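Summary of the model geometry
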Amino acid sequence: MGSRGDGQGACGRVRFAGMARETVFITGGGSGIGAGLARAFHGRGAQVIIAGRDGEKLGRVVAECPGMESVVLDVTDGAAVERCAAELGARHPGLNVVI
């Protein structure tokens, strides 16, 4: 995603009252709809954590959006999902949106 034409990157932070308190976890956040949703939530002030199997793709999205976090995760691996859930719960006790 390129510049928005206003001097800010794709993830320029615009605060909206309802989003600043949201913590959002998005699987498939390295590309496509997941990355688009991550950028949109982040741009509206939410704390966003993205997950996916490809760390390089995740890294590109995170690089565009300062403050966003990523987790390499294969959602078909049940044990990995359980570990991820425990770690996210400990690091982000306010996590309240999962996509």
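Let us look at the structure shown here. None of these values were measured; they are calculated from a predicted model. (Residues numbered from 1 in each chain as written. Predicted model: local features only at pLDDT ≥ 70, side-chain atom pairs only at ≥ 80, totals over all residues. Heavy atoms only, no water.)

**Brief notes about the overall build of the chain**
The number of helices and strands found in the chain is three helices and four strands. Counted from the first residue to the last, the chain has its helices and strands arranged as β-α-β-α-β-α-β. For the chain, contacts bridging at least 24 residues in sequence account for 52% of all contacts bridging at least 6. Looking at the chain as shown, the accessible area adds up to about 5600 Å², and 56% of this sits on carbon and sulfur atoms. (Helix = DSSP H or I, 4+ residues; strand = E, 2+ residues; numbered from the N terminus. Contact = heavy atoms within 4.5 Å. Areas by Shrake-Rupley, 256 points an atom, 1.4 Å probe, with all protein chains shown as cover.)

**Focus on a nonpolar patch on the surface**
Taken together, the side chains of Ile33, Leu37 and Ile99 define a hydrophobic patch exposed on the protein surface, amounting to about 270 Å² of accessible area. With respect to the helices and strands, the residue Ile99 is situated in the segment after strand S4 (97-98). Since its relative accessible area comes to 37%, Ile99 is described here as partly exposed. (Patch = residues over 30% accessible without salt bridge, like charges linked within 9 Å, V, L, I, M, F, W, Y side chains within 5 Å. Salt bridge = Lys/Arg side-chain N within 4 Å of Asp/Glu carboxyl O. Buried < 20%, exposed > 50% of the residue type's maximum accessible area, 1.4 Å probe, protein only.)

**Comments concerning the sheet that holds S4**
Across a sheet, paired strands are connected by hydrogen bonds in the backbone, their directions being either parallel or antiparallel. An order of S3-S2-S1-S4 is seen for the four strands of this open sheet, with the pairing classed as parallel. Each edge of the open sheet is held by one strand with a lone partner, namely strand S3 (69-72) and S4. Where strand S2 (residues 47-52) and S3 come together, four bridges link them in parallel fashion. Bridge pairing in S3 links Gly52 to Val72. Of the strands in this sheet, S2 and S3 are in contact with helix H2 (residues 55-64), which crosses S3 at around 175 degrees. (Pairing = 2+ DSSP bridges. Axes fitted to C-alpha atoms, helices over the stretch in contact; angles between N-to-C directions.)

**Remarks on the pattern of salt bridges**
Side chains that differ in charge, positive against negative, can pair when their charged atoms come close. If you walk through the whole model with that rule in mind, you get two salt bridges. With a closest N to O distance of 2.7 Å, Arg39 and Glu64 form a salt bridge. One end of the pair, Arg39, is in helix H1 (residues 32-43); the other, Glu64, is in helix H2, with 25 residues separating them in the sequence. A salt bridge links Arg91 to Glu69; the shortest N-O distance between them is 3.1 Å. One end of the pair, Arg91, is in helix H3 (residues 78-91); the other, Glu69, is in strand S3, with 22 residues separating them in the sequence. You can call Glu69 partly exposed: its relative accessible area is 24%.

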